[in-house]
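Observations on the model geometry
As a plain string of letters, each chain reads:
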Amino acid sequence: MKDGRYYDNKHLYFMGDLHGALGRLRGFFHYGKHDDTLLICVGDIEMGIMKESMVHRVFTTLDKRLSDINSHVILMRGNHDDPYYWSGVDAYTNIKFIDNEYIYTNNRLMLLVGGAVSVDRAIREEGHDWWRGEGVNYDFIDKVIETDRKHEVDYLITHASYVFPPALAESEGFLRIQKAIDAEEELSRELREEREHLKRLVDYVNPGTYVHGHYHSRERHSTPSMGIISLGEQEYFKANNKA
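The present account deals with the structure reproduced in this document. This is a predicted model, so every value here is computed, not measured.

On to the pattern of salt bridges. For the structure shown, the criterion picks out 15 salt bridges. With its nearest N and O atoms 3.3 Å apart, the salt bridge here joins Lys64 to Asp68. Here Lys64 pairs with Asp68, and both are found in helix H2 (residues 52–68), just 4 residues apart, close to one helical turn. Comparing Lys64 with Asp68, the two get one shared label, exposed. Note that Glu190 is salt-bridged to Arg121, the shortest N-O span being 2.9 Å. Of this pair, Glu190 sits in helix H6 (residues 185–205) while Arg121 sits in the loop between strand E7 (108–113) and helix H3 (138–147), and the two are 69 residues apart along the sequence. The exposure class of Glu190 is buried, given its relative accessible area of 18%. Beyond isolated ion pairs, a larger network of salt bridges with shared partners links Asp120, Arg124 and Asp129.

This is the structure:
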């Protein structure tokens, strides 16, 4: 199942949850020296929430800039994104909506898995800022585990995560939210299921580095077998070049 896309860019960056900050994304390439770069946004672009005409205008300008400097942007799906945009929409040359796919670049093998359960969906409006099908695609994870023989990857990039960033998990605000979640049986069950599936995937693909967003907590931690990069909201992180 190792079909995927190949990018030959020299530099690799990750970006945390975007949440509509298209100006920050555009500025990265218009005002920074980021030629020959692949930038992966880990989700919550707010596709479907932002006005489509505005998004198209910004992306059209950005797409031309990316072509001029041999750079690319991959937009992963978060829980605050309309899944429609990840169903084969392909309006741009150097900006791609990619979900559940392998990526090869600069001697690296990466696996991208988008989606997450929204803990606040009860206060959101379906079809406006919350969509059915927002979660991780468990069928895709099963397919990876059942069909891939050589399964280790250099990077696993997900929107959600099987593990909470340590400092965030000890904060009073997080503990209050967790208490409210525990009181909602169905939501609590869905979140446990999400973490269990992601943990299965992590154990199987054994990434050297695990990158995720979703929690808006800028932290770096590790297990004995991998480094974990928890991206803050709109944070940029540059991966080390690999010869």
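This paragraph deals with helix H1 (residues 22–30). Within H1 the residues assigned to the buried category are Leu22, Leu25, Gly27, Phe28 and Phe29. In this fold, the buried residues of H1 make contact with strand E2 (11–15), strand E3 (37–41), H2, strand E4 (72–75) and strand E12 (236–238).

Bridge analysis of strand E9 (residues 209–212) against strand E11 (residues 227–230) gives 4 bridges, and the strand direction is parallel. Bridged to Tyr210 within E11 is Ile228. Here 4 bridges tie strand E10 (residues 219–222) to E11, and the two strands are oriented antiparallel to one another. From the neighbouring strand, Arg220 faces E11, where its bridge partner is Ile229. Linkage of E10 to E11, two consecutive antiparallel strands, is achieved through a turn of 4 residues.

Rules used throughout
- Residues numbered from 1 in each chain as written.
- Predicted model: local features only at pLDDT ≥ 70, side-chain atom pairs only at ≥ 80, totals over all residues.
- Heavy atoms only, no water.
- Salt bridge = Lys/Arg side-chain N within 4 Å of Asp/Glu carboxyl O.
- Helix = DSSP H or I, 4+ residues; strand = E, 2+ residues; numbered from the N terminus.
- Buried < 20%, exposed > 50% of the residue type's maximum accessible area, 1.4 Å probe, protein only.
- Contact = heavy atoms within 4.5 Å.
- Pairing = 2+ DSSP bridges.

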